[in-house]
Every structure is written in structure tokens, then in C-alpha cells.
Amino acid sequence: MRATTMETLPLLSVDNLKTYFFQDEGTVKAVDGAGFDVFPGKTLGIVGESGCGKSVTTMSILRLIEKPGRIVAGRVVLRLANGKEVDLTSLHPDGEEIRSIRGAEIGLVFQEPMTSFSPVHTIGDQLTEAIRLHSKANKREAHALGIEALRNVGIPNPERRIDQYSFQMSGGLRQRAMIAVALSCNPRLLIADEPTTALDVTTQAQILDLMRDLQNKKGMAIMLITHNLGVIAEMADDVVVMYLGRVVEKGPVDAIFHNPKHPYTRALLDSIPNINAQTRVKLPTITGSIPHPYARPRGCPFYPRCPRFMPGTCDKEEPVLTSVGDRQEASCFLYQEGRDR
Amino acid sequence: MVAYIIRRLLYAVLTIWSISVLAFVIIHLPSGDYVTSYIASMSASGSAVSEGEAQALREQLGLDQSIYVQYFKWIGLILQGNFGMAMEWGRPVLDVIGDRLALTIVISLAAIVFTWALALPIGIFSAVHRYSLLDYIFTFVGFIGLAVPGFMLALLVMYFGYSWFGLNVGGLFSPEFAEAPWSIAKVWDLITHLPVPAFVLGISGTAQMIRIMRSNLLDELRKPYVVSSRARGLAENRVIMKYPVRVAMNPFVSTIGYLLPYVVSGSIIVSLVLSLPTIGPLLLKALIAQDMFLAGSIVLLLGVMTVIGTFISDLLLMWIDPRIRLGRH
Amino acid sequence: MAEIERETETPAAEEKIAVATQWQLMWWRFRKHRLAMIGTVLLLFFYVIVIGADFLAYVDPNESEAQRSLMAPQPIHWMDQGRFAPYVHPLKGIRDPKTFKRVYKPDLETKVPLKIIGHGYRYKFLGFIPSDLHLLSVEGAKPEETLFLLGTDLQGRDLWSRLMYGTQTSMTIGLVSVALSLFLGILLGGVSGFYGGGIDTVIQRIIEILRSIPTIPLWMGLAAALPGSWSVTQVYFAITIIISLVGWTELARVVRGRFISLRQEDFVMAAELLGCSQGRIIFRHMVPSFISHIIAATTLAIPAMIISETSLSFLGLGLRPPAISWGVLLQDAQNIQALAISPWLLISSVPVIIAVLAFNFMGDGLRDAADPYL
């Protein structure tokens with residue numbers, strides 16, 4: 001269900017996206033009906049455990065999924081600057097249209113800055129490549145623009161750094177450079193996939209500050225993928241919680257953190273170690289573990305681990321996203337109409 | 001970077017020196033010396049050599065002195081550009097080797113060019129289109145190239161050429177050009193005869209390089225920087241050629257150094273089978289006759305060619321891999 | 001590239017995998033590799049021949065008879081008038097009208113019945129069990145004059161029997177050479193990698209120098225240096241040593257690389273901190289991590305050794321008659337004119353190709369199975 005209580009229309013709408021991986025041993029439903037909206041100038045946080053489909057979702061948006069994976073259903077609607085809408089799933093994965101969107105409309109920042117840069121090309125080479133792909137700049141102009149881009153992300157001495165290789169920089173500088181490359185063509189949406197996971201805490205804080213700063217300056221939307229609830233709390237305006245390829249809860253960040261409705265969200269929040277918690281008490285965890293992708297349970301994917309499991313209901317059918325508050329939705333039979341509470 | 005070059009240069013010199021010692025030792029391993037085998041071949045053809053004559057011959061050739069003295073004399077001469085006399089031929093070694101060495105180099109280079117021109121594109125294609133029909137075909141052909149030793153391939157090629165086409169595919173020149181002085185026509189004749197030896201020599205190196213390139217590229221294709229470049233909007237074939245291929249080339253280039261000795265070595269046996277007038281048959285005869293100057297010079301020259309090849313490949317590697325250039329390993 | 005992380009298998013499978021040893025895991029992975037399994041089966045087949053060469057041959061391989069020179073292969077006829085009764089045609093000596101020499105041709109009128117498992121020339125199985133049983137024999141005639149499954153060579157020696165013995169020699173030389181290379185490689189590579197520093201530099205330089213020497217001239221030189229008076233066995237072992245002299249460098253490099261990367265692993269430091277002796281660290285902790293790689297590298301090194309021996313013997317510099325190997329057998333094929341009329345002389349190239357392919361397939365499978373990151 002789409003939230004349209006605000007005047008602005010979503011920049012990116014993901015609707016019932018399904019991406020499956022067809023392998024010899026079976027089919028992995030990496031994303032199984034995910035849907036959410038990203039609004040201009042706002043930050044959407046996608047949170048979940050490893051394997052819940054967060055990264056596959058972002059890859060699907062930019063059509064970067066490779067064999068044996070394939071988008072089997074759903075739509076990803078991008079609203080362009082001129083108001084036109086384009087369904088990214090309908091584009092050819094290597095066609096001109098999607099390529100003009102990659103980098104120019106949507107920028108992508110990866111988790112591992114070290115391996116996201118080619119070890120044998122300079123930072124500048126890769127930076128100016130992006131610039132020249134999406135604009136009419138010649139080599140000299142692109143070079144100057146590149147230096148500016150590096151300066152904007154807070155890299156000192158960008159004239160020197162632009163000709164360096166990724167291995168000559170520290171982790172923090174590399175990630176800044178990665179952000180510079182992603183933003184070099186002024187995209188309206190920045191997708192950041194675990195951008196701070198590989199960094200130490202201090203650098204993490206700096207990078208997050210940088211991203212927020214850039215968002216304010218350029219008015220761009222951010223889609224932040226992470227498993228770190230602390231980062232979400234700090235950065236996100238809206239949150240999407242994913243489990244086993246599906247959205248189990250979504251809503252404004254305050255609602256999610258202070259009033260979680262889905263048992264999984266509750267359990268996630270409970271398992272965060274709290275400095276004020278009682279000492280010498282076992283840390284709460286979520287019982288069980290993520291089921292094998294080939295052995296998904298029938299019905300609600302979370303029921304084997306759910307403390308509110310209702311036999312006869314949760315293991316029969318799959319729940320759908322139901323409204324549980326102001327712009328908050330959860331996919332759980334506890335809230336679904338027509339079922340016993 | 002300069003330190004790297006200098007170090008490599010020093011190693012090259014050290015290696016060449018070691019090869020010279022080894023070459024010398026090997027030539028002198030069989031008991032007896034040139035004079036003994038000379039005497040043996042003389043008596044086999046009916047004439048006898050007296051004790052005095054043998055001694056005189058020894059003195060003349062300097063074979064009566066200790067082995068250390070002989071070695072230093074030999075090295076001294078070589079450094080002055082004098083490779084000595086080929087005892088059996090009675091002519092300076094350089095004369096005897098000259099043409100043949102040039103031809104060996106020509107054939108080796110032809111084989112190397114053939115190898116590269118084939119292995120690189122096929123390797124890239126196989127990696128990018130893994131598990132396709134063509135990939136399987138190339139892999140199969142690659143295995144054949146790997147499993148069939150050069151001389152065997154030469155034998156098979158000669159056999160089929162002879163029995164199916166009535167051709168004698170051996171030799172590097174048509175009969176009328178064999179002894180003729182060099183001319184444009186002779187060069188062209190050489191070129192038309194090159195494909196078969198280049199193919200035979202190159203095919204197993206090609207097979208190996210295809211496998212290396214394919215597996216290197218497969219490793220790189222999975223890496224994040226490839227996806228990263230795609231996410232910037234780069235077209236697919238540019239993504240492949242600009243990034244993973246460049247990175248996969250590095251270990252590939254480092255194998256160039258060993259390609260030259262490999263081909264030169266391989267060419268020896270293939271030359272014997274295909275009757276190519278190169279170094280190989282000459283070396284064999286020289287070893288059997290214990291012709292020290294000839295055999296030693298050939299082994300030394302082959303070794304030098306090898307070391308040069310390795311050195312060039314080191315330089316190439318340094319040039320294309322910034323990680324080595326800028327001092328990080 | 002986003003990848004799905006598979007957290008768990010089904011509970012039963014998970015149990016099995018959790019308690020499986022390293023070797024079981026390798027075996028399961030290896031089994032899936034079809035080409036590798038085919039290669040292994042082929043190799044087993046070859047080594048059956050190695051052990052049973054005497055049994056599989058039917059004629060003394062060194063028995064020559066000039067008048068039987070260069071005979072074409074004679075097929076076995078399996079059906080005799082509708083019944084399963086294998087037979088062959090014997091030879092008939094006729095006087096060639098042009099040269100007046102006695103020439104042997106197959107006599108198409110007479111049939112000599114073939115016996116599966118019969119008696120023939122005497123030999124010692126495994127070197128000490130006397131026997132005269134052979135796979136094939138004929139009734140009422142001598143095998144030398146009737147059986148020519150693969151034809152004969154220039155000296156009239158039966159090629160099938162020679163091929164059996166040639167297989168025995170060539171396949172074992174490869175093993176012995178590789179064992180030597182393995183020993184040298186592990187020793188020097190291990191020392192180089194584990195201790196590092198000066199000794200590493202020295203050994204590395206030696207390896208570089210050896211690798212830069214063109215191998216064929218080196219071998220030619222060394223082989224030409226072998227005195228002609230040496231016995232067959234002495235030459236055999238000398239050749240294996242010569243071949244492994246350069247072969248060990250590759251294995252040493254692999255071992256050294258592994259030691260260097262393992263030296264920095266945390267578990268090695270943990271073992272040191274626990275107080276383990278160096279020997280214990282090396283053999284109990286480090287070696288199991290890479291032994292599978294070593295096995296794979298070794299398997300892949302064998303075909304090179306086989307090809308080396310074959311090449312050297314082909315040149316006349318390796319094994320010499322009366323020793324029989326694939327290379328020795330191929331010497332006869334050097335003359336292109338003789339080859340044109342007797343192409344069966346090339347027959348020993350077939351097992352070379354198959355053996356090399358089989359080793360490569362098996363080695364590839366082992367290497368894939370041993371790599372924990374694939």
C-alpha cells in the first residue's frame with residue numbers, strides 16, 4: 001500500500017519485487033515480494049540480517065543481477081526529473097536507457113571500498129570515466145570536475161589524490177572517494193550498501209556526517225542499507241525491515257524504534273546490547289537461525305522463530321502488509337484483519 | 001622502481017654466469033674429450049690416430065690444461081666476442097651458429113606471436129561466456145594442445161600432411177632456396193613455411209595460456225570493482241575489457257618471461273622432427289661429438305636468450321602493474 | 001556482487017558435514033567433477049596394465065624376427081560361422097617372386113583358434129612369482145607367428161606386447177620422478193617459506209636460475225653424459241633424477257607460497273602462544289592446511305614428467321634399448337617414409353595423450369576439491 005499523505009510523490013517506487021536465483025540444487029527466492037518508496041531529499045533505511053535480501057534488492061533496482069539470478073516479477077518505478085516515470089524492470093539490462101540512469105540518476109556506494117576500485121587504474125581514471133559517460137565534458141574538464149568532486153567529499157589535497165591508486169589511500173579516504181565517484185554526476189538518489197561496515201567507528205561517524213551534509217546540499221534522496229540499527233537510528237527518516245526477502249515492517253524511524261509492531265522488529269531491537277541493561281543477565285537473542293533458502297517454511301517466513309507464533313494461522317498462509325499506525329505497516333497475522341488477535 | 005630494475009639486472013647477470021658454469025660442466029661431464037670422440041670416429045671410418053697426434057691435437061685445442069684454466073680461458077674469449085672454433089666443422093663457432101640462431105629466434109617469435117594472438121581473445125571469450133558451447137570446444141582443444149607433446153604433434157602433422165596431401169611439410173625453405181643467399185623471395189619463402197612450425201610450437205603454449213587467462217579472468221569477473229564500473233553506467237564490453245582483463249593480464253604477462261625458454265626448448269625437438277635448420281639439431285650433434293666450444297656456446301646463448309626474455313617480462317610487468325611500480329607488494 | 005549466503009543446510013545434512021573430515025569433504029567435492037572421475041578411472045586402468053604387463057602381453061617383447069618386420073595389425077575375428085569362437089589367421093611364408101626373399105603374409109584359409117587366458121612364455125609376476133599365464137594365447141600354434149594385434153616394428157617385434165611393457169615403464173618413471181621432486185620441493189620450499197630471510201633469498205635465486213635454464217639442452221647435456229656402459233636400470237634412475245632436477249622448482253614455489261601465507265595466519269600465532277614446538281606447529285597445524293594443494297600440484301606435475309621422459313627417449317637420449325618405454329617405441333616413427341607405410345608405429349602416442357589428459361583431469365578435480373574457497 002502506497003503512502004501518499006505527503007504532497008511529494010516518491011522518487012523511486014519498488015512494487016512487489018521478486019528476484020529469484022535458479023540454481024541446480026533449487027531456487028533461492030532472494031527477494032520475494034518487496035515493496036517500498038523512496039522520497040526525494042529523504043533517507044530510507046533498509047535493515048535486516050545477512051541473507052535477508054537487502055543487497056539483492058539494490059542490485060535488482062539497477063539491473064545488476066547476473067545469471068543465475070533474474071527479476072521474475074514486480075516493478076521498480078523511477079520518476080525522472082521531467083516527471084516521466086520509467087519502470088526499470090522493463091529496461092534491457094545492458095541497454096542505453098539503464099546505463100544512462102546508472103550513475104547519472106542513481107549512484108551506488110559499495111561496502112568494500114578497497115575492492116570496489118580497480119587496483120590498476122587511478123582514482124581519477126575511474127572518476128572521470130563516470131563524468132565523461134554522463135556529460136559532454138572533455139578530458140580536461142572532467143579532470144577538473146573530478147578534483148572538485150574529491151574536494152566536496154572532504155579529501156584534502158585532491159589535486160594529488162586524483163592521480164593515486166586505491167591502495168595508496170586509507171580506508172576512510174577510499175570510502176570518501178567512492179562517494180565522490182557515486183555523486184560525480186549529481187544523481188538524485190544515492191544507494192549506499194553498508195557504506196560504513198568496513199570502517200572503524202570514528203571514520204564511520206565522519207562518513208555518515210558527510211552523507212548527511214551532501215544530502216542537505218544537493219537535496220538528494222538516500223537509500224541506506226545496513227544491519228546496524230544504530231546507523232539507521234541516526235540517519236534514516238523512514239525504515240524498511242526485511243526478513244528472508246520480504247518486507248516485514250516499514251514506517252517512520254521513530255515509530256519503528258519506539259513502537260515496533262512486528263515480532264521480528266521487536267526481537268531485533270531487544271537484542272541490541274544496552275548500556276543501561278541489567279548486568280549478569282543473558283543477552284537476548286532471536287532463537288533459531290535463518291532457514292535454509294531451499295527449505296523455506298510455509299506461510300509466514302518468520303514463524304519458526306516467532307515468540308507470538310499462532311499455530312494454524314501463521315504456518316498456513318503468508319501475511320500481507322497491513323497498516324498498523326500512521327504510515328506504518330507490518331506483515332503479521334497479529335494485525336491482519338479477519339484473523340484472531 | 002629504479003632499485004627494482006637494478007636488482008633484476010644483477011640477478012640476470014648472476015644467472016647468466018651460473019648458466020655458463022653449468023654449460024661448461026655439462027659439456028665436460030662425459031668422460032674423455034673431443035679428441036677421444038674424434039679418435040673414435042676416425043677409427044670407425046678406418047683411419048687410426050697415433051698417440052703423438054692425439055697429444056698434439058690436445059695441446060692445439062688447449063685440452064691438456066686443468067678444467068678451471070680451460071673455463072676461464074673460454075669465458076675470457078667469449079667476453080672478447082670470440083666464441084672459439086667448432087672443432088668438428090673447423091670454422092668459427094659464430095659462423096656455424098649464425099644463421100641458425102637467427103632462424104631459431106624467428107621461429108620462436110613466430111610461435112610466441114601465434115600463441116598470444118590466439119590465447120588472449122580465446123581466453124577472454126571463454127571466461128565471459130563460461131559454459132557456452134564454444135567454451136567447451138575451446139577447453140577441449142586446449143586439452144589436446146596440453147596433452148600432445150610438441151614433437152608428437154609434429155609427427156602427426158607430418159604424417160597426415162604426407163599421407164593425405166602428399167606434402168612434405170618439413171623444412172623451412174623450399175629446396176631451391178635452401179642454400180641460396182638471402183633475398184626478398186627467400187624471405188617470403190620463409191614466411192610461407194612458418195605457419196606449420198609456429199603452429200606446432202605454439203599450440204601447447206596456447207593451450208596453457210588460454211587456461212591461465214580464463215581462470216584469472218573468472219576470478220576477477222566476480223570482484224566488486226567490476227560491478228562498480230557497471231553501476232556507473234559503462235557499457236558491458238567496456239566493463240570487461242577496461243577492468244578485469246587489465247587486471248587478469250598481470251599474471252599473464254609475468255608468464256611471458258618463461259615463454260621464450262619454453263619455446264626455444266620445445267623448438268629443439270620439433271626442429272629435429274620437422275628438419276628445421278635451427279639450433280636444435282646442431283646442439284644434439286655437438287653434444288654427442290663433445291665439441292665443447294660449439295655445444296657450450298649454444299647452451300650459453302640459449303640461456304642468455306632465456307634470461308633476456310625473463311628480464312623483459314619483469315620490466316613489462318613493472319610497467320603495467322602500478323602495485324609493483326609504487327613499491328607495494 | 002550480491003550473493004545469497006546460505007546459513008544452514010537441512011539438519012541431517014548439516015550434521016554429516018559438521019563431522020566430516022577434511023578428506024571426506026574433498027572426496028564429496030571431487031566426486032561431482034565428472035571429468036576428474038573419468039580421468040581417475042582411466043588412470044586406474046593404466047596402473048592395472050602396469051601391474052599386469054606380463055600377463056597382458058603375449059609374446060616376449062624383445063623377440064625379434066627380421067622376416068616379420070613391419071607387419072600390419074591383424075584383427076581378431078570374433079565370430080566363426082555364427083558361433084562365438086575367436087580366431088586369427090596365421091602367417092604363411094611365400095617366396096616373393098621379385099626379390100626371391102621369403103615374405104610372411106597372413107594365410108586367409110587357415111584359422112587358428114584364440115584362447116582367452118592361456119599359456120605362453122615364462123615370466124615372473126611382480127618380479128618373483130613364476131608364471132606362464134597370459135591373457136591371450138593360441139591353440140596349436142605359436143603366438144609369435146600368429147598374433148599381431150598391433151602389428152610389428154622394424155625388427156619384427158610385436159607392438160602390443162611392447163606397448164604393455166612400455167606402459168609399465170613410462171607410467172612408473174613418472175611416479176618416481178615426481179616423488180623425488182616432491183621431496184626436494186617440500187624440503188626446500190618449506191625451509192624457504194617457513195624461515196624466510198637470507199635462506200629464503202638464496203633458495204629463491206637458485207630456483208630462478210634453474211628455471212631460466214632451457215630445460216631440453218640441460219637434459220640433453222646430462223643425458224649425453226651418461227656412459228654408454230651403464231645398465232638399463234642405472235640409466236632408468238639417472239633419467240628420473242635428471243627429470244626431477246628441474247621439476248622440483250615448481251612444487252617448491254607452491255609450498256613456499258603456502259608457508260608464507262600460513263605463517264601470518266592467526267591460528268599459527270595462537271599455536272605458538274600455546275607453547276607448541278616448531279615441529280608440532282609445522283606438521284600438526286600448517287601442513288594439513290595445504291596438503292591437499294600439494295597433492296593437486298603433484299598430480300599435475302606428473303604429466304610433464306611423462307612427456308619429458310618420452311621426449312628424451314624419442315631423441316635417443318633417454319632410455320635405451322633393451323628398455324622399452326613409449327618414447328623408445330616412438331623412435332621408430334622418426335622416419336617419415338617408413339611411417340607413411342606403417343602408421344601403426346605411432347600407436348604409442350595414443351597412451352601418452354590419454355595418460356596426460358587423465359592426469360590433468362584428475363589433477364584439476366583434486367585442485368578444485370581442495371580449494372576451500374570455491
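Please read all numbers here as calculations on a predicted model, not as lab measurements.

J.: Which parts of the structure should I look at to understand the overall build of chain C?
T.: The secondary structure content of chain C amounts to 14 helices and six strands. Relative to a compact globule of 374 residues, whose C-alpha radius of gyration would be 21 Å, chain C shows 26 Å and is clearly more extended. Projecting the C-alpha coordinates of chain C onto the three principal axes gives extents of approximately 90 × 55 × 45 Å. Relative to its 374 residues, chain C shows a buried fraction of 39%.

J.: Help me understand the overall build of chain A in this model?
T.: Along chain A, the regular secondary structure elements total 11 helices and 12 strands. For 341 residues, the compact-globule estimate of 2.2 N^0.38 gives 20 Å, and the C-alpha radius of gyration of chain A, at 21 Å, lies within 12% of that figure. Projected onto its principal axes, the C-alpha coordinates of chain A cover approximately 65 × 50 × 45 Å. Across the 341 residues that make up chain A, the buried fraction comes to 47%. A separation of at least 24 residues holds for 62% of the contacts in chain A among residues at least 6 apart in sequence.

J.: What should I look at first to understand the interface of chain A and chain B in this one?
T.: In many reports, interface size means the accessible area that the parts give up when they come together. Listed as interface residues are 24 residues of chain A and, on the opposing side, 20 residues of chain B. Listing elements by their share of the side of chain A that touches chain B, those giving two or more residues are helix H2 (96-101), helix H3 (113-116) and helix H4 (123-134) of chain A. Ranked by the residues each element gives to the side of chain A that touches chain B, the list is headed by H4(A), at four residues.

J.: Explain the confidence of the model for chain C here, please?
T.: Residues and elements named next belong to chain C. Residue-level pLDDT values for chain C average 77, and 91% of them are 70 or greater. Here helix H1 (residues 11-19) stands out as the element of chain C with the lowest mean pLDDT, 59, in contrast to helix H3 (residues 34-51), whose mean of 88 is the highest. Confidence drops under pLDDT 50 across residues 1-9; counting only partners more than four residues distant or on other chains, this segment forms 24 contacts. Scored as a complex, the prediction yields pTM 0.75 and ipTM 0.80.

J.: Would you mind showing me how to read helix H6 (residues 159-195) of chain C here?
T.: The α-helix advances 3.6 residues per turn, and as a result positions three or four apart in sequence lie on the same side. Here H6(C) is 37 residues long and its end C-alpha atoms lie 53 Å apart, about the 54 Å a rise of 1.5 Å per residue gives. Among the residues trailing H6(C), Gly196(C) stands out with phi positive, at a value near 60°.

J.: I'm lost on the packing of helix H9 (residues 195-221) of chain B against helix H12 (residues 244-254) of chain B in this one. Help?
T.: The relative placement of two packed helices is expressed as an angle between their axes plus a distance between the axes. Residue and element names in this part refer to chain B. Packing of H9 against H12 leaves a shortest axis separation of 9 Å and a crossing angle of 135°. By the angle between their axes, H9 is oblique relative to H12. Seen from above, H9 lies across H12 with right-handed handedness. Across from Ile212, Met213, Asn216, Leu217, Glu220 and Leu221 in H9, the residues of H12 making contact are Pro244, Val245, Val247, Ala248, Pro251 and Phe252.

J.: Sorry, what's going on with the interface of chain C and chain B here?
T.: At the junction of the two partners, chain C supplies 34 residues and chain B supplies 42 residues. Elements supplying a minimum of two residues to the side of chain C that touches chain B: helix H7 (197-212), helix H8 (215-224), helix H11 (278-315), helix H13 (336-341) and helix H14 (349-370) of chain C. Sorting elements by how many residues they give to the side of chain C that touches chain B places H8(C) first, with seven residues. Here the side of chain C that touches chain B is built from residues that sort into 24 nonpolar, seven polar and three charged.

J.: I tried to follow the sheet that holds strand S1 (residues 77-80) of chain C on my own but got confused; where do I start?
T.: All names here are of chain C. Ordered by their spatial adjacency, four strands build an open sheet running S1-S2-S5-S6, and the pairing between neighbours is antiparallel. The sheet is open, and its two borders are formed by S1 and strand S6 (129-138), each paired with just one other strand. Between one strand axis and the next, the sheet turns through 40° on average, direction left out of account. Here three bridges tie S1 to strand S2 (residues 83-88), and the two strands are oriented antiparallel to one another.

J.: Is there a simple way to explain the pairing of strand S11 (residues 322-325) of chain A in this structure?
T.: Regular strands show a simple pattern: their side chains alternate between the two faces of the sheet. All names here are of chain A. The sheet contact formed by S11 and strand S12 (residues 328-330) spans three bridges and is antiparallel. Its bridge partner being in S12, Ser323 is matched across the sheet by Glu329. The hairpin formed by S11 and S12 contains two residues between the paired strands, and Arg327 there has a positive phi angle of roughly 65°.

J.: I would appreciate a short explanation of the sheet that holds strand S5 (residues 85-87) of chain A in the present structure.
T.: Strand pairs in the sheet, formed through backbone hydrogen bonds, run parallel or antiparallel to each other. All names here are of chain A. Spatial ordering of the open sheet is given by S2-S1-S4-S5, a layout of four strands whose pairing is antiparallel. Looking at which strands have only one partner, the edges of the open sheet turn out to be strand S2 (26-38) and S5. For this sheet, the mean angle separating the axes of adjacent strands, direction not counted, is 10°. Strand direction decides the pairing type here: strand S1 (residues 12-23) and S2, joined by 10 bridges, are antiparallel. Looking at S2, one finds that Tyr20 is bridged to Lys29.

J.: Which parts of the structure should I look at to understand H9(B)?
T.: Residue and element names in this part refer to chain B. Given a rise of 1.5 Å per residue, 27 residues ought to cover 39 Å, yet the end C-alpha atoms of H9 are separated by just 34 Å, more than 12% below that figure. At Gly202, H9 shows its largest bend, some 40°. In terms of residue burial, H9 counts as a mostly covered element, since 20 of its 27 residues are buried.

J.: Is there a simple way to explain the confidence of the model for chain A in this structure?
T.: Atom-level detail of predicted coordinates should not be read off regions where pLDDT is low. Residue and element names in this part refer to chain A. Predicted confidence across chain A gives a mean pLDDT of 86, with 96% of residues reaching 70 or more. Here H3 is the element of chain A with the lowest mean pLDDT, 83, and strand S3 (residues 43-47) is the one with the highest, 93. Below pLDDT 50 for its whole length, residues 1-6 participates in seven contacts with residues either more than four positions away or in separate chains.

J.: Please explain the pairing of S3(A) as it appears in this structure.
T.: Residue and element names in this part refer to chain A. Most of S3 is tucked away, with five of its five residues classed as buried. Judged by which residues are buried, S3 turns out to be covered on both faces: Thr43, Gly45 and Val47 on one side and Leu44 and Ile46 on the other are all buried. The pairing of S3 with strand S8 (residues 221-226) spans five bridges and is parallel. In the strand pairing of S8, Val47 is matched with Thr226. Pairing analysis gives four bridges linking S3 to strand S9 (residues 238-243), with the strands arranged parallel. Across the sheet, residue Gly45 finds its bridge partner in S9, namely Val239.

J.: Which parts of the structure should I look at to understand the packing of helix H10 (residues 266-274) of chain C against H11(C)?
T.: All names here are of chain C. Contact geometry for H10 and H11: axes closest at 11 Å, N-to-C directions at 145°. Where H10 crosses over H11, the handedness of that crossing is right-handed. Along the contact surface, H10 presents Phe267, Val268, Ala271 and Glu272, while H11 presents Ile281, His285 and Met286.

J.: Explanation requested: the environment of His129(B) in the structure shown.
T.: Residues and elements named next belong to chain B. As for its placement among the helices and strands, His129 is situated in the loop between helix H5 (93-128) and helix H6 (133-147). You can call His129 exposed: it has 12 C-beta atoms within 10 Å. Ignoring sequence-local partners within four residues, the contact set of His129 consists of Leu134 and Asp135.

J.: Would you mind showing me how to read the environment of Thr21(C) here?
T.: Within the secondary structure, Thr21(C) sits in the loop between H1 and helix H2 (22-32). Separated by 85 residues in sequence, Thr21(C) and Pro106(C) place their C-alpha atoms 60 Å apart.

Parameters at a glance
- Residues numbered from 1 in each chain as written.
- Chains lettered and ligands numbered in written order.
- Predicted model: local features only at pLDDT ≥ 70, side-chain atom pairs only at ≥ 80, totals over all residues.
- Helix = DSSP H or I, 4+ residues; strand = E, 2+ residues; numbered from the N terminus.
- Rg over C-alpha atoms; globule rule 2.2 N^0.38 Å.
- Buried ≥ 20, exposed ≤ 12 C-beta atoms within 10 Å, placed from the backbone.
- Contact = placed C-beta atoms within 7 Å.
- pLDDT = per-residue confidence, 0-100.
- Expected span 1.5 Å × (residues − 1).
- Axes fitted to C-alpha atoms, helices over the stretch in contact; angles between N-to-C directions.
- Parallel < 35°, antiparallel > 145°, perpendicular 65-115°, else oblique.
- Left-handed = near helix turned anticlockwise from the far one by under 90°.
- Nonpolar A, V, L, I, M, F, W, Y, C, P; charged D, E, K, R; others polar.
- Pairing = 2+ DSSP bridges.
- Bend = angle between axes of the 7 residues up to and from the residue.

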